[in-house]
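What follows is each chain in one-letter form.
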Amino acid sequence: AQSVTQLDSQVPVFEEAPVELRCNYSSSVSVYLFWYVQYPNQGLQLLLKYLSGSTLVKGINGFEAEFNKSQTSFHLRKPSVHISDTAEYFCAVSEGGGNKLTFGTGTQLKVEL
Amino acid sequence: DVKVTQSSRYLVKRTGEKVFLECVQDMDHENMFWYRQDPGLGLRLIYFSYDVKMKEKGDIPEGYSVSREKKERFSLILESASTNQTSMYLCASSDQGRTAAYEQYFGPGTRLTVT
């Protein structure tokens, strides 16, 4: 069965600094990978997704992620964060092209001045 | 834009009450999902439906049931609410059969408190 690990429950960072949010997955078959963002008191919104092709995926709001099959990772990065990036970020995996997603436990990104 | 709406943003119910949470999507999606979100646990799938009148259990179906009588509407039912069902409930929908299908669109959530 697939599983997703987000090791960092909270990541504090200063504005304009770079950030990396880590995501590792376990699966015995091919996967599709997603990052979602949840702003306070809102539902989840898709940031980016990897289905196939280039392993470097660019998303909205300047975020990007790299799929690394050998390390079973899909880390999210942004070179310079803004206060408005403060939110909770969830990594998710769909195994074998199925319609269900398995979510990680989330990483709270807090951007400080 | 895809829109997923949920009937209430905040709901307070008493232990033992029957609770209905409603979700409606306007994009003719085949798949609909109910999750609960708890701090430190992320999102956990309760039930999902891939067609009208079809449903499958997710990871934590105990204490819940669902109904999908129309394609656009998916209801979550707590037959007898308990305090351990206090949580944020999120509904989502997705298309089926195409590579873009795997993206799920979420509603704003219902924060349910059971006292």
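Computed from a predicted model, the values in this text were never measured in an experiment.

Peer 1: Would you mind going over the layout of surface pockets in detail, with residue names and values included?
Peer 2: Here the largest pocket defines a volume of roughly 430 Å³. Residue lining of the largest pocket: 22 residues in total, with Gln-38, Glu-88 and Gln-108 of chain A together with Gln-37 and Pro-39 of chain B positioned closest to the centre. Mapped onto the lining of the largest pocket, the elements with two or more residues apiece are β10 (87-95) of chain A together with β4 (31-38) of chain B. In terms of residues, the lining of the largest pocket owes the most to one element, β10 of chain A, which gives three residues. For the lining of the largest pocket, the per-class residue count stands at seven nonpolar, twelve polar and three charged.

Peer 1: Let's hear about the pattern of salt bridges: which residues, and what values?
Peer 2: Residue and element names in this part refer to chain B. Applying the stated rule across the entire model yields 13 salt bridges over all chains. As a salt-bridge pair, Glu-22 and Arg-73 come within 4.0 Å of each other at their nearest N and O atoms. Of this pair, Glu-22 sits in strand β3 (residues 19-25) while Arg-73 is found in strand β8 (residues 73-78), placing the two residues 51 residues apart along the sequence. Its salt-bridge partner being Lys-53, residue Glu-69 comes within 2.4 Å of it at the nearest N-O pair. One end of the pair, Glu-69, is in strand β7 (residues 64-70); the other, Lys-53, is in the loop between β5 (42-51) and β6 (54-57), with 16 residues separating them in the sequence. There is no split in this pair, since Glu-69 and Lys-53 are both exposed.

Conventions and cut-offs
Residues numbered from 1 in each chain as written. Chains lettered and ligands numbered in written order. Predicted model: local features only at pLDDT ≥ 70, side-chain atom pairs only at ≥ 80, totals over all residues. Heavy atoms only, no water. 1 Å grid on protein atoms, 1.4 Å probe; cavity = no way out; pocket = protein on both sides within 12 Å on 5 of 7 lines; lining within 4 Å. Points joined across faces, edges and corners; volume = space filled by probe spheres on them. Helix = DSSP H or I, 4+ residues; strand = E, 2+ residues; numbered from the N terminus. Nonpolar A, V, L, I, M, F, W, Y, C, P; charged D, E, K, R; others polar. Salt bridge = Lys/Arg side-chain N within 4 Å of Asp/Glu carboxyl O. Buried < 20%, exposed > 50% of the residue type's maximum accessible area, 1.4 Å probe, protein only.

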